[in-house]
Amino acid sequence: MPETRFTVRWPDGQTEQLYSPSTVVREYLTAGTTYPLEDFTQRCRIALEQASTRVEAKYGYRCTSADAQLADIERTVSTFSAPADVVCLSIS
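Residues numbered from 1 in each chain as written. Predicted model: local features only at pLDDT ≥ 70, side-chain atom pairs only at ≥ 80, totals over all residues. Heavy atoms only, no water.

Structurally, tyrosine 35 is set in strand 3 (residues 33–36). Since its relative accessible area comes to 5%, tyrosine 35 is described here as buried. Residues tyrosine 35 and tryptophan 10, 25 residues apart in the sequence, show an inter-C-alpha distance of 10 Å. Setting aside residues up to four positions removed in sequence, tyrosine 35 forms contacts with Tyr28, Leu29, Thr30, Phe40, Arg43, Ala84, Asp85, Val86 and Cys88. A distance of 2.8 Å separates a polar side-chain atom of tyrosine 35 from the backbone nitrogen of threonine 30. (Helix = DSSP H or I, 4+ residues; strand = E, 2+ residues; numbered from the N terminus. Buried < 20%, exposed > 50% of the residue type's maximum accessible area, 1.4 Å probe, protein only. Contact = heavy atoms within 4.5 Å. Polar contact = N/O pair within 3.5 Å; in protein donor to acceptor, adjacent residues only side chain to side chain.)

Right, dumping it as C-alpha cells:
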C-alpha cells in the first residue's frame with residue numbers, strides 16, 4: 001500500500017503534513033481545494049477509516065498510524081470555531 005502524505009493549511013495559517021497509509025485519501029481530498037472545517041473533518045474520517053480497513057484486509061490488523069492521524073486531526077479541528085476553512089495544499 002503506497003503511503004500518501006497530504007499537506008494542509010489550518011484556519012490559523014499553520015501548515016501540517018498529514019499521513020494516510022493508502023492513496024484512498026485522493027478520492028476525498030483535492031490539492032488546491034478549500035474545505036469548510038466540518039466537511040474536511042468528515043472527508044478525513046471516511047478516507048482514513050477506509051485506509052485503515054484496507055490495511056486490515058491485507059495484513060489482518062488496522063493501521064494504528066491512520067487511527068492516530070485521525071485522532072490528531074479531530075483534536076486540531078476542535079481548537080477552531082466554525083465557520084473556518086482548511087486548505088489542502090498538496091497530496092503526494
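For the rest of this paragraph, the subject is the packing of aromatic side chains. Each aromatic ring pair is specified by the distance between its two centres and by the angle formed by the two planes. Considering all chains together, one arrives at three aromatic pairs under this definition. When the ring of tryptophan 10 is compared with that of phenylalanine 80, the centres are 6.2 Å apart and the planes differ by 20 degrees; the resulting orientation is stacked. Placement of the pair is tryptophan 10 in the loop between strand 1 (4–9) and strand 2 (15–20) and phenylalanine 80 in the loop between helix 2 (64–77) and strand 4 (85–91), with a sequence separation of 70 residues. Neither tryptophan 10 nor phenylalanine 80 differs from the other in exposure class; each is buried. Ring pairing ties together the aromatic residues Trp10, Phe40 and Phe80, which thus form one cluster. (Phe/Tyr/Trp six-rings, centres within 6.5 Å; stacked < 30°, edge-to-face > 60°.)

With their axes 9 Å apart at the nearest point, helix 1 (residues 37–59) and helix 2 run at an angle of 170 degrees to one another. By the angle between their directions, the pair helix 1 and helix 2 is classed as roughly antiparallel. Where helix 1 abuts helix 2, its residues Leu37, Phe40, Thr41, Cys44, Arg45, Leu48 and Ser52 lie against Ala66, Asp67, Gln69, Leu70, Ile73, Glu74 and Val77. Residue composition of the contact of helix 1 with helix 2, grouped by class: eight nonpolar, three polar and three charged. (Axes fitted to C-alpha atoms, helices over the stretch in contact; angles between N-to-C directions. Parallel < 35°, antiparallel > 145°, perpendicular 65-115°, else oblique. Nonpolar A, V, L, I, M, F, W, Y, C, P; charged D, E, K, R; others polar.)

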